[in-house]
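So the chains spell out like this:
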Amino acid sequence: MTPFTHLISVAVPIPGPNMDTDQIIPARYLSRARDVGFADGLFRDLRYAEDGAEKPGFILNREPYRNGKIVVGERNFACGSSREHAVWALLDYGVRAVLAPSFGDIFYTNSLKNGLLPIRLPGAVIGTLLERLLREAGDIDIDLPSQQARLPDGSVHDFDIDPYSKHCLLNGLDDIDYTLSQLGPIEAFEQRYGRENS
Amino acid sequence: MDHAEPRTLFDKIWSRHKVIERDDGQTLLYVDRNFVHDGLGPAFDFLKERNFLVRVPARTFAVPDHYVPTDGRDVAGFAAAENRAMVEQLARNTEAAGIEMFGVTDPRHGIVHIIGPEQGISQPGMVITCGDSHTSTHGALGALAFGIGATEVSHVLASQTIWQRKPHSMRITVEGELGFGVTAKDVILAIIARIGAAGATGHVIEYAGSAIAGLSMEGRLTLCNMSIEAGARAGMVAPDETTFAYLKGRPYAPKGAEWDEAVCRWRALRTDEGARFDHEVTLDAADIAPMVTWGISPQDAAPVTGIVPDPANEPDAERREGIEKALAYMGLAPTTKLADIAIDRVFIGSCTNSRIEDLRAASAVTRGRRVAEGLVAWVVPGSGLIKAQAESEGLDRIFIEAGFSWREAGCSMCLGTNGEIVAPGQRCASTSNRNFIGRQGPGARTHLMSPAMAAAAAITGRLTDVRTMMVPA
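Not measured: the values here are computed from a predicted model. (Residues numbered from 1 in each chain as written. Chains lettered and ligands numbered in written order. Predicted model: local features only at pLDDT ≥ 70, side-chain atom pairs only at ≥ 80, totals over all residues.)

Moving on, we come to the overall build of chain A. Counting secondary structure elements, chain A contains eight helices and seven strands. With the C-alpha coordinates of chain A rotated into their principal frame, the extents come out at 60 × 40 × 25 Å. Here chain A holds 198 residues, and 42% of them are scored as buried. In chain A, once contacts between residues fewer than 6 apart in sequence are set aside, the share between residues at least 24 apart is 68%. (Helix = DSSP H or I, 4+ residues; strand = E, 2+ residues; numbered from the N terminus. Buried ≥ 20, exposed ≤ 12 C-beta atoms within 10 Å, placed from the backbone. Contact = placed C-beta atoms within 7 Å.)

This is the structure in C-alpha cells:
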C-alpha cells in the first residue's frame, strides 16, 4: 500500500450521521475487479442523477472540492456493510484521510489495511469544523508522525492511532508478511490446539 | 490455569484463541471457521498476487449467495453474465485451494449465515470470521463471530489468524416473557431503537435474561444477526440445552464420544457470576411490541401502533435534521399512523429471517388469505434444505395460493447485488436487516419488520399490526 506521512488538502464536508457504506458505494458496483477501480461509484447516488448527470448540489461536484483528499464526516461514518470497496472508492477518487467522531468498526480496520487514515476527533470539534466547512472552504493539514491535525481555524488536535497500524501506514506495509514471519507461534498454537479441529 | 477473576463468555473464547499478545494491545487470534462467498474474489486475487497458499483449507467453507439469482439454479442460464462470473470465480478459487464449497445446485446451498449453523459447521466457543458484516449471526451458538474486510479475509486464508484489539463488552438483558405476536426481530429492533445505530460500536454484546433464554435457536440467530446494526463487533448468546439440541446430529457437528466431550466443554461457556461488563443495558420483554422502521437507519424503529415522528417536536437539532432527511427519502408525512402506510412489495428472506420458523410464522398469517391486489410479494428461503422442509410441510402451497412468488435460496432483495431490486420510489415491507438509502435499489423505500408482520402487510397492502390477524394459541 502507498505510505502515508503528511497530507494537506481542502477538506470535503459530508454531513449526516450514520453515513453507511451502501451510500459510499452502492452494491451494484461491487462485482468489479479491484484493478478496474471504484472512483466513479463513490457516493454514486448522491453525486449523480439517474441519467448520469452530476447533481450540482453535491459537494464533490463543486470547486474546490473536486480534488479533495480529506473527508470530514459525522458520527458512525461508514457503518453497515463490510464492503472494502467503500475504502477503495475513497482511495481511487484520491481521498487519503477521513475525520469523524466515530467510524463503523469494520471500515476503520479496512482503512488502515489500505493506506486510508481514519482520524477520530471529539464530536464537538467535528461539529464546529463541519459548520465552518459548510460556510467556507478550508484546508486541513495532517501529520502522521506527530499524530496531529491542523484545522482551518488554526487549532491543532492530537489524534490516536494504534502504534502498529501507524508503523504500517508510514512504511506502506501490509501485515500478512509480518504475520507469516511469526509462523513459529502459530504452529505451536496449532500443535496445542489441533490443526483441523477445535 | 487459575481464573480467580470471574470472566465473561467473551473473555473465555478470546483467551482460548490467543496466539500472540503484543504490548501495543494487538492480539493475534486463531480462527476456527472462516466462510467465503461470491463477493470475495478480491481476497483470493490478493493471495494469488503474493503467491500465498491457503494455510488450513479444512477450516474454510464456501458458498455463493450474494450474486445468485433466485429464479433458477442453472448457473449457465443466469441472465446476467456478471452474476455467472462471480459464482464461477468462487468455484475456481475454492477448488484450486481445496476449500469445500456448497455450490448452487447442491441441495445444502443457501445464504452463508444460514448454512453455517444449519450444517453444524459453526459451533459454541469458536472464533468465526467471514467477509460479511452479518457474520455476527453465528454468535447465537455461543461463538465469537465477526465480519471482516476482504484484505483481512486474505490474511485469515494465508495464516488462519487475525489481528484484533480486544473490543469492549456489553450485556443486554431482556427479562420477562415476550407478548403475543412479538418475535426476536421485534426484540432486536427495540434494542437498536433504544441504544442507537452506533450504540454498541467497539463492543461485543452478550444477550442474556429469561426472554433470550426462551428464544429458539432461529430466534437467537435473528437477534445476533442484527448486532452489527447497533454497531457491535459481535453478538452472542451463551450455549444451553436449546443450542445443544439444535446442533445434535447436524452433519458437521461432533459425533458419538466426541459429541459428549464437546457438550461437556460447551457447558463451561457461560459468563461467571460477578463478571464485569463495560456496559449493561436492560429491557423489559413485556414493553416490546411488534416493530416496524419508518426511516433510513435500523434505529428508526417504532411499535406498529405508533406514528411517524414529527421533526417539529424534536428539540435536538441533529436528530431533527435526521428525521427530516429520513421522511423526505421515505416519502412520509409527520404523524402519519404507521398502520396507514401502503406498500408495493414484500420481501420475506435474508440471513436475518429466512429460516424454517420464519416461514412457518409467515405462512400461519397467510393461510387462507390473498396477497393484496397489485402487490408483488416474494418468499426467498435461506437454504435449499429450508425450502425442501417448507415444501414437505406444505408451506409453499400456502404462499403460492395466496399469490406469493416462492423462490430459490440466496441473499436476493436484501441488497440486490444479484439484480433483484425494488424499483425507485416503491415501498417494500422487508424482513431483511437494513433500511439504508438505496439498499434495496436506487430510490427504494424499506420498512423492516418480522416475517409475520411482513405477511400481514402483504395481505392488507399496508403496514399492519399482525396481532389483529393472529389467533391466540
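A separate point is the overall build of chain B. Tallying secondary structure elements over chain B gives 15 helices and 19 strands in all. Expected size for 473 residues packed as a compact globule is a radius of gyration near 23 Å; at 22 Å, chain B falls within 12% of this value. Overall, the C-alpha framework of chain B stretches about 60 × 55 × 45 Å when taken along its three principal axes. Every one of the 473 residues in chain B was classed for burial, and the buried ones make up 58%. (Rg over C-alpha atoms; globule rule 2.2 N^0.38 Å.)

Here we come to the environment of Gly154 of chain A. Residues and elements named next belong to chain A. Mapped onto the fold, Gly154 is located in the loop between strand E6 (148-150) and strand E7 (156-158). We classify Gly154 as exposed; it has 6 C-beta atoms within 10 Å. Remark: the alpha-carbon pair of Gly154 and Asp139, spanning 15 residues in sequence, is separated by 9.9 Å.

Interpretation of the predicted coordinates at a detailed level should be avoided for regions scoring low in pLDDT. Confidence in the prediction for chain B averages 96 pLDDT; 99% of positions are at 70 or higher. As a predicted assembly, this complex carries a pTM of 0.97 together with an ipTM value of 0.96. (pLDDT = per-residue confidence, 0-100.)

Okay, the interface of chain B and chain A next. It is common to give the size of an interface as the accessible area lost on bringing the parts into contact. The interface is formed by 55 residues belonging to chain B together with 43 residues belonging to chain A. Sorting the residues of the side of chain B that touches chain A by element identifies strand E1 (18-21), strand E2 (26-30), helix H2 (41-50), helix H3 (81-97), helix H5 (150-159), strand E8 (161-165) and helix H11 (317-330) of chain B as the ones contributing at least two each. With seven residues, the top contributor of residues to the side of chain B that touches chain A is H5 of chain B. Taken together, the residues of the side of chain B that touches chain A sort by class into 21 nonpolar, 21 polar and 13 charged. (Nonpolar A, V, L, I, M, F, W, Y, C, P; charged D, E, K, R; others polar.)

Residues and elements named next belong to chain B. Checked against the element boundaries, His279 lands in strand E12 (residues 279-284). Note on His279: 14 C-beta atoms within 10 Å, which makes it partly exposed. In sequence terms His279 and Ser136 are 143 residues apart; their C-alpha atoms lie 19 Å from each other. The contacts of His279, once residues within four sequence positions are left out, are Met170 and His203.

Residue and element names in this part refer to chain A. Strand order in the open sheet formed by seven strands is E4-E3-E2-E1-E5-E6-E7, and the pairing between neighbours is mixed. Two strands lie at the open edges of the sheet, namely strand E4 (117-120) and E7, each paired on one side alone. Put simply, the sheet's adjacent strands are angled 25° from each other on average, direction ignored. Of the strand pairs in this sheet, strand E1 (residues 6-14) and strand E2 (residues 70-73) are connected by four bridges, and their pairing is parallel. The residue of E2 that forms the bridge with Pro13 is Val72. (Pairing = 2+ DSSP bridges. Axes fitted to C-alpha atoms, helices over the stretch in contact; angles between N-to-C directions.)

Another point: the sheet that holds E12 of chain B. Residues and elements named next belong to chain B. Pairing is parallel across the open sheet formed by four strands, whose spatial order is E11-E10-E9-E12. What marks the edges here is a single partner per strand, and that holds for strand E11 (234-236) and E12. On average, each strand axis in the sheet is inclined to that of its neighbour by 20°, with strand direction left out of account. Against the sheet, helix H1 (residues 9-16) touches strand E9 (168-175), strand E10 (203-208) and E11, its axis set at about 130° to E10.

The next subject is the packing of helix H6 (residues 184-195) of chain B against helix H8 (residues 217-225) of chain B. All names here are of chain B. Orientation of H6 relative to H8, taken along the N-to-C sense of each, is 25°, at an axis distance of 8 Å. With respect to H8, the axis of H6 lies roughly parallel. For the pair H6 and H8, the sense of crossing is right-handed. Touching Ala184, Lys185, Val187 and Ile188 of H6 are Gly219, Arg220, Thr222 and Leu223, all from H8. Classifying every residue of the contact of H6 with H8 by side-chain character gives four nonpolar, two polar and two charged. (Parallel < 35°, antiparallel > 145°, perpendicular 65-115°, else oblique. Left-handed = near helix turned anticlockwise from the far one by under 90°.)

Our next topic: helix H8 (residues 183-193) of chain A. Sparse coverage of H8 of chain A is indicated by the burial of one of its eleven residues. With its phi angle positive at about 95°, Gly194 of chain A sits one or two positions after the end of H8 of chain A.

Attention now goes to unusual backbone geometry. Excluding glycine, residues mostly carry a negative phi; peptide bonds, for their part, are mostly trans. All names here are of chain A. In this structure, Pro64 follows Glu63 across a cis peptide bond, with omega equal to 0°. By the element assignment, Pro64 lies in the loop between helix H2 (44-47) and E2. With phi around 60°, Asn76 is a residue other than glycine that occupies positive phi space. The topology assignment puts Asn76 in the loop between E2 and helix H3 (85-93). What makes Asn76 buried here is the crowd of 25 C-beta atoms within 10 Å. One non-glycine residue, Gln147, adopts positive backbone phi at about 55°. Position of Gln147 relative to the elements: it lies in the loop between strand E5 (139-143) and E6.

Time to look at the environment of Ile59 of chain A. Residues and elements named next belong to chain A. Within the secondary structure, Ile59 sits in the loop between H2 and E2. A count of 19 C-beta atoms within 10 Å places Ile59 in the partly exposed class. Ile59 sits twelve residues away from Arg47 along the chain, and the two C-alpha atoms are 8.2 Å apart. In contact with Ile59, other than residues within four places in its own chain, are Val12, Pro13 and Tyr65.

Within a regular strand, the side chains alternate between the two sheet faces. All names here are of chain A. Residues Ile70 and Val72 of E2 are buried on one face, and the alternating residues Val71 and Gly73, pointing to the opposite face, are buried as well. Where E2 and strand E3 (residues 97-100) come together, three bridges link them in parallel fashion. Across the sheet, Ile70 pairs through a bridge with Ala97, a residue of E3. Taking the sense of rotation as the criterion, the β-α-β connection linking E2, H3 and E3 turns out right-handed. (Right-handed = clockwise from strand over helix to strand, strands pointing away.)

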